[in-house]
Amino acid sequence: MKIVITGGHFSPAHSVIKKLTKSDEILVIGRRYAFEGDTNETYEYQICQRELISFSEIKAGRLQRKLTSRSIPAALKFPKGIYDALKILKDFNPDVVVTFGGYVGLPVALASSILKIPVVLHEQTQNAGLSSKLIAKVASVICVSFDSSLKHFKQKNVVLTGNPIREEILKLKNTASNSEKTIIYITGGSTGSHAINTAIYEILPELLEDYIVVHQTGNSKETGDFERFESFHDLLGNEGRKNYILSEFFTPHEVATYMSKAALVVSRSGINTVLELMALGVPSLFIPLPFGQLNEQLENAKLFQKTGLGEFILQKDLSPDLLLSKMRAMIKEQKKYRSNAKNAQKYVHFDAAQQIIEQIRRYGKRREEIPTTTGKES
């Protein structure tokens, strides 16, 4: 079966790709660069290059809920996004398109509808993003991660599948650390978080006195965060470097390993990260992104706190002193937090990737069975 994968959330998409068979021909349509004019390659592009997954770049305008200075430039890019998607889809001729939402997925879904290619939509969040609501109008089936998303889609073809968890996480969810020192894993996502990095920079010497710190800074050249921490890292002695593991970007296996062994994770609260930490049962302290659709990250952090597995700090309240004291307190009480792991795992569908693949097979097969005319009838 020929399958196109697209959308703004590549982590669950990658989980599905890993469970498809070798006979499936896969094409990922996405962004090569995270931001316009940026030279930093996206997570999805790097993974596709590393794993030899076919990749086609598309430049689409981000949908704006409010009128801003970016609204008109974004709107002007949208027709080109559909045009590019039509060309890519005609060349590849897939049996099914699977989109994980986001503004990149919308023009691909619309182009698929024009070409009468079935669309499988997956919504990760507890609600529904604007792009997903629009894609739903042309989707053959809508897969959702939470019961709370069902009310946002009036279509009858909505299936609760859960959100796919990376295979690396599933394999390591019962792994314990054999390190003598407590491990803290700090991440701001693939592009990093300048707010988190700024606070960590002020308290890093104190953290390293008591803990092993694994730190993923992101790769934003605009903030220069990685270079600042790299300079700090270079000044440490050999012993200090053992206690401070630094990178712009960790592979999925490395992320899974560090998260599974951590006593505490400090992170933004994107839904994929939140669900992976629920699956692992790791105490976590979130600093939700203060902007975004429907306060999505704040809602994710509140859900995590509700399970008893973690806490959150609003970015407007974030300070180095508060962060340090909260981290120390949570590590001291980590057994209390870990006792709630089963409460958190109730929100995790460990077979989500396979359930989505069942929908891919169901709707892709219908088009696959349509005979293709290769010449003029006599």
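Residues numbered from 1 in each chain as written. Predicted model: local features only at pLDDT ≥ 70, side-chain atom pairs only at ≥ 80, totals over all residues. Heavy atoms only, no water.

### Quick word on the pairing of strand 5 (residues 119–123)
Here is step 1 of the chain: Of all five residues that make up strand 5, five are buried, and the element is covered over most of its length.
Here is step 2 of the chain: Here strand 5 shows no split at all, with Val119, Leu121 and Glu123 on one side and Val120 and His122 on the other all buried.
Here is step 3 of the chain: Inspection of the sheet shows strand 4 (residues 96–99) paired to strand 5 by three bridges, in the parallel sense. Bridge assignment links Val98 to a residue of strand 5, and that residue is Val120.
Here is step 4 of the chain: In this fold, strand 4 hands off to helix 4 (residues 102–114), which returns the chain to strand 5; that crossover is right-handed.
Here is step 5 of the chain: Inspection of the sheet shows strand 5 paired to strand 6 (residues 141–144) by four bridges, in the parallel sense. Within the sheet, the bridge partner assigned to Val120 lies in strand 6 and is Val141.
Here is step 6 of the chain: With helix 5 (residues 130–136) bridging strand 5 and its parallel neighbour strand 6, the resulting β-α-β unit is right-handed. (Buried < 20%, exposed > 50% of the residue type's maximum accessible area, 1.4 Å probe, protein only. Helix = DSSP H or I, 4+ residues; strand = E, 2+ residues; numbered from the N terminus. Pairing = 2+ DSSP bridges. Right-handed = clockwise from strand over helix to strand, strands pointing away.)

### Some thoughts on unusual backbone geometry
Here is step 1 of the chain: Phi is positive for Asn93, close to 55°, though the residue is something other than glycine.
Here is step 2 of the chain: The residue Asn93 is located in the loop between helix 3 (71–92) and strand 4 in this model.
Here is step 3 of the chain: Classification of Asn93 by relative accessible area gives partly exposed; the value is 39%.
Here is step 4 of the chain: Here Lys116, not a glycine, exhibits a phi torsion of approximately 60°, which is positive.
Here is step 5 of the chain: Topologically, Lys116 is positioned in the loop between helix 4 and strand 5.

### A closer look at the confidence of the model for the protein chain
Here is step 1 of the chain: Scored by pLDDT, the protein chain has a mean of 88; 89% of the residues are at 70 or more.
Here is step 2 of the chain: Segment residues 374–378: pLDDT under 50, and zero contacts once partners within four positions in sequence are set aside and those in other chains are kept. (pLDDT = per-residue confidence, 0-100. Contact = heavy atoms within 4.5 Å.)

### Thoughts on the nonpolar core
Here is step 1 of the chain: Counting 31 residues, the largest nonpolar core has Tyr185, Met259 and Met278 as the members making the most contacts within it.
Here is step 2 of the chain: Of all elements in the fold, only helix 6 (167–172), strand 8 (182–187), strand 9 (211–216), helix 10 (252–261), helix 11 (271–280) and helix 12 (296–307) reach the threshold of two or more residues within this core.
Here is step 3 of the chain: Element by element, the count of residues in this core is highest for helix 11, at seven residues.
Here is step 4 of the chain: Setting aside chain neighbours within four positions, we find Met278 in contact with Leu303, Phe304, Thr307, Leu309, Ala341, Ala344, Gln345, Tyr347 and Val348.
Here is step 5 of the chain: If you look at the next biggest cluster of nonpolar residues, it comprises 30 residues, including Phe78, Ile82, Ala85 and Val144. (Core = buried A, V, L, I, M, F, W, Y, C linked by side-chain atoms within 4.5 Å.)

### Considerations on the sheet that holds strand 5
Here is step 1 of the chain: Here seven strands make up an open sheet; going across it, the order is 3-2-1-4-5-6-7 and the pairing parallel. Of all the strands in the sheet, just strand 3 (54–57) and strand 7 (158–160) have a single pairing partner and so form its edges. Strand-to-strand twist in this sheet, taken as the mean axis angle between neighbours without regard to direction, amounts to 20°. (Axes fitted to C-alpha atoms, helices over the stretch in contact; angles between N-to-C directions.)

### With respect to empty space enclosed by the protein
Empty space among the atoms can be located by rolling a probe the size of a water molecule over them.
Here is step 1 of the chain: Per the counting criterion, the structure on display carries two cavities of 30 Å³ or more.
Here is step 2 of the chain: The calculated volume of the largest cavity comes to roughly 50 Å³.
Here is step 3 of the chain: Lining the largest cavity are Ile5, Thr6, Gly7, His9, Phe10, Ala13, Val28, Ile29, Gly30, Glu44 and Phe100.
Here is step 4 of the chain: Going through the elements one at a time, strand 1 (2–6), helix 1 (10–19) and strand 2 (25–30) are the ones with two or more residues in the lining of the largest cavity.
Here is step 5 of the chain: Looking at the lining of the largest cavity element by element, the count peaks at three residues for strand 2.
Here is step 6 of the chain: Taken as a whole, the second largest cavity holds about 30 Å³ of empty space.
Here is step 7 of the chain: What lines the second largest cavity is simply Lys19, Pro164, Ile165, Leu170, Phe350, Ala352 and Ala353. (1 Å grid on protein atoms, 1.4 Å probe; cavity = no way out; pocket = protein on both sides within 12 Å on 5 of 7 lines; lining within 4 Å. Points joined across faces, edges and corners; volume = space filled by probe spheres on them.)

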